[in-house]
Amino acid sequence: MIVAEQKPLNEIKTMIADAERVLLVGCGTCVTVCFAGGTKEVDLLATSLRMSTKLDGNGKVVDEFTVQRQCEWEYNEPLKEKLDDYDLVVSLGCGVGVQTLNEQFPQKQFVPGLNTAFMGLPTEQGVWEERCAACGNCILDKTGGICPIARCAKQLLNGPCGGSQNGVCEIESDVPCAWQLIWERANDLGQIDRLMELQPAKDWRTSRDGGPRKIVREDLRLVAHEEE
Amino acid sequence: MTTSTNGYKVGSNLERMIRSGEFVVTGELGPPQGHHAEEIREKAALLKGYVDAVNITDNQTAIVRMSSIAAGAIVVQEGLEPIIQMTCRDRNRLAIQSDLLGAAALGCQNLLCLSGDHQSFGNHPGAKNVHDIDSMQLVQMVKNLRDENIFECGDVIKEGGPRFLVGAAVNPFGDPFEWRPYRLAKKVAAGADFVQTQLIYDIPRFKEFMKRVVDMGLHEKVAILAGVGPLKSVGMAKYMRDKVPGMIVEDRYIDGMTDAITGIEPLPPLTKRRKALKAQLQELGEDDPARAEIEAELAELAPRIKEIQAERNKNWREKGIQMCIEQIQELREVEGVAGVHIMAIEWEAAVKPITEGAGLLPRPNVGSNGSG
């Protein structure tokens, strides 16, 4: 899932400073599951903003609404009729949600209430860890199912650097060394020989380096598009 | 135009030394955090004649310094042979290859391929890192520039590719320990001609590593230069043990440095007293008559502290050099070790007494390559 966390209250207050009437829009998908932008968090933030702006002497109207999935046009339709009542909308969706809303309703401005962090999973209650960097060319078959692009601080493809010690990365003592994990897993699978294959320089075109990415599936399109 | 190399891959002094079978000595020179060439010339003078080639670090510990290639070119002017360090942290494959063309044009013939310390250690922790290729792929790329005359993309370099003796780093003390000989094997397969190890302050563990390396026959395919460095103080030894990732320091080095200053009046009580007196002064008013007595004691303390510090530093440095010589002598006996890489960080003057003490002077003359 996409993992995000709420921006500091003061930063959100700065963004809404010029607005009298503010709508907070949550999202019922990833950010609900990671407790950052679902109905509950929207409620909590709205209350905080109401109280805080009131104490500051310029109390604002802060209303709440949550859609099921901000990153798809159809789920955002119910918002359409509400927007006229507000000067500004704070999205508690991920970066995709914020942009979907701005694109879908250009007459209104939507600002981010969250910082979108990464794609990952909860490893225990209250802890999320990154797992995938969306490089667009998966190599998990070669690395025992552990991704060195997302999990090695140097994105090394041919083994650990000199900074790996006692299973942890040189950058932080609570960051496991991805290559220690890959080594252990390869050992368990009896696949050390696979790690000995020299991985060539990666083609990053499928990653962000190739520019903004897009997938077109002609088999799924409703209208046939004929390119010249 | 590909220059004739008389059977050598490159013909650098380092390669000739390795090929001759003589015990190789390399050193290290850190470029300044500034743009003055003089500092490099001064350091080069402290190393010339005592090492066969000298590593020029590339933004070491992710702190901005003068470019390793620019500094290397100055070192060439001084008649010393550089080993240009190149990390994958700051440049993508375009920038690396472009810089290597430039380095070759400036007379640099040896290259050390590194991943690079993470930028979070340095003075620009907010920087974006590159890691377009890793150090293994860099080794292969530099070998292909030389031996296949091709850029990384496969395009042929019509005039012939730049020629570098390809080096890589090895950390026998990093984890997973069992993986380390394999990683060396991989670097050899990728094209490494020589490797330099992390600083060795745990010889038993290094020997264990080398036994595996020799069993795998790697020492016959690559020149392994054992990394050593003189300690400057107990604090430095402890810092390396506790704070430097991928470093193991045996107690004997800590104990050796501690013993080196026994018999010297302990410093901490004096510095504590000084701190207390200064705090008292802060409390007192400008005209308080009590100040005179405190200031007198402070004045008396200052030269004593200075004297003890000087004595400690002298003993520490002597001990550091002595232990480094012993390390070299012990490492020289380890099967598969082709030489030593002496890292006297910001203490280049130590290289002469170390090499002298270890019986490594004068450095053998293995003939010049005629192209530099």
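Residues numbered from 1 in each chain as written. Chains lettered and ligands numbered in written order. Predicted model: local features only at pLDDT ≥ 70, side-chain atom pairs only at ≥ 80, totals over all residues. Heavy atoms only, no water.

A.B. asks: How should the overall build of chain B be read in this particular structure?
C.D. replies: When its secondary structure is counted, chain B shows twelve helices and eight strands. Residues classed as buried in chain B amount to 52% of the 372 residues present. Looking at charge distribution, chain B has the averaged site of its 44 positive side-chain charges lying 3 Å from that of its 51 negative ones. (Helix = DSSP H or I, 4+ residues; strand = E, 2+ residues; numbered from the N terminus. Buried < 20%, exposed > 50% of the residue type's maximum accessible area, 1.4 Å probe, protein only. Lys, Arg positive; Asp, Glu negative; His and termini not counted. Charge placed at Lys NZ, Arg CZ, Asp CG, Glu CD.)

A.B. asks: Any chance you could explain the sheet that holds strand β3 (residues 82-87) of chain B here in plain terms?
C.D. replies: Sheet strands pair by backbone hydrogen bonding; their relative direction is either parallel or antiparallel. All names here are of chain B. With parallel pairing, eight strands are arranged side by side around a closed barrel as β1-β2-β3-β4-β5-β6-β7-β8. Going from strand to strand, the sheet's axes swing by 30 degrees on average, the running direction of each strand aside. Where strand β1 (residues 24-29) and strand β8 (residues 337-342) come together, three bridges link them in parallel fashion. Bridge pairing links V24 to G339 in β8. Against the sheet, helix α1 (residues 13-20) makes contact with β1, β2 (53-56), β3, β4 (110-114), β5 (165-170), β6 (194-199) and β7 (223-228), and its axis sits at roughly 150 degrees relative to β1, the strand it touches most. (Pairing = 2+ DSSP bridges. Axes fitted to C-alpha atoms, helices over the stretch in contact; angles between N-to-C directions. Contact = heavy atoms within 4.5 Å.)

A.B. asks: What is the right way to read the environment of M136 of chain B from this model?
C.D. replies: Mapping M136 of chain B onto the fold places it in helix α5 (residues 135-147). M136 of chain B sits in the buried class, given a relative accessible area of 0%. Remark: the alpha-carbon pair of M136 of chain B and A168 of chain B, spanning 32 residues in sequence, is separated by 8.3 Å. Setting aside chain neighbours within four positions, we find M136 of chain B in contact with N158 and L198 of chain A together with R183, K186, K187 and A190 of chain B.

A.B. asks: Help me understand the pairing of strand β7 (residues 127-132) of chain A, please; the structure alone is not making it clear to me.
C.D. replies: When a strand is regular, its side chains alternate between the sheet's two faces. All names here are of chain A. The pairing of strand β6 (residues 114-124) with β7 spans five bridges and is antiparallel. Residue pairing in the sheet places E124 in a bridge with V127 of β7. What sits between β6 and β7 in their antiparallel hairpin is a turn of two residues, with G126 showing a positive phi close to 85 degrees.

A.B. asks: Sorry, what's going on with helix α4 (residues 93-105) of chain B here?
C.D. replies: Since one α-helical turn is 3.6 residues long, residues separated by three or four positions face the same way. Residues and elements named next belong to chain B. Its 13 residues give α4 an end-to-end C-alpha distance of 18 Å, which sits within 8% of 18 Å, the value for a rise of 1.5 Å per residue. Within α4 the residues assigned to the buried category are R93, I96, Q97, L100 and A103. Around the axis of α4, the buried residues are gathered within 120 degrees of arc, so they sit on the same side. Exposed side chains of α4 directed beyond 90 degrees from the buried face belong to L94 and A105. Residues of α4 that are buried in the fold lie against α3 (68-77), β3, β4 and α5. Of the residues that open α4, the one with a side-chain oxygen 3.1 Å from the backbone nitrogen of L94 is N92. (Expected span 1.5 Å × (residues − 1). Arc of directions from axis to C-beta. Polar contact = N/O pair within 3.5 Å; in protein donor to acceptor, adjacent residues only side chain to side chain.)

A.B. asks: Would you mind going over the sheet that holds strand β5 (residues 110-112) of chain A with me for this structure?
C.D. replies: Residue and element names in this part refer to chain A. In space, the four strands of this open sheet follow the order β3-β2-β4-β5, with parallel pairing throughout. The open sheet has two edge strands, β3 (61-67) and β5, and neither has a second partner. For this sheet the average axis-to-axis angle between neighbouring strands, irrespective of direction, equals 30 degrees. As defined by bridge partners, strand β2 (residues 21-27) adjoins β3 across seven bridges and the pair is classed as parallel. Along β3, the bridge assignment pairs R21 with V61. In the packing of helix α3 (residues 39-55) onto the sheet, contacts are made with β2 and β3, and the angle to β3 comes to roughly 175 degrees.

A.B. asks: Got a minute to help me understand the environment of H36 of chain B in this structure?
C.D. replies: With respect to the helices and strands, H36 of chain B occurs in the loop between β1 and α2 (37-47). Along the sequence, H36 of chain B and M66 of chain B sit 30 residues apart, while their C-alpha atoms lie 9.0 Å from each other.

A.B. asks: What is the right way to look at the interface of chain B and chain A in this model?
C.D. replies: Size of an interface: often given as the accessible area lost when the parts come together. Taken together, the contact pairs 34 residues of chain B with 29 residues of chain A. When the two sides are added together, the surface that chain B and chain A hide from each other amounts to roughly 2,500 Å², 54% of it contributed by carbon and sulfur. Remark: the boundary between chain B and chain A carries zero salt bridges. Residue assignment for the side of chain B that touches chain A shows that the elements contributing at least two residues are α5 and α6 (180-190) of chain B. (Buried area = accessible area lost by both parts, 1.4 Å probe. Salt bridge = Lys/Arg side-chain N within 4 Å of Asp/Glu carboxyl O.)

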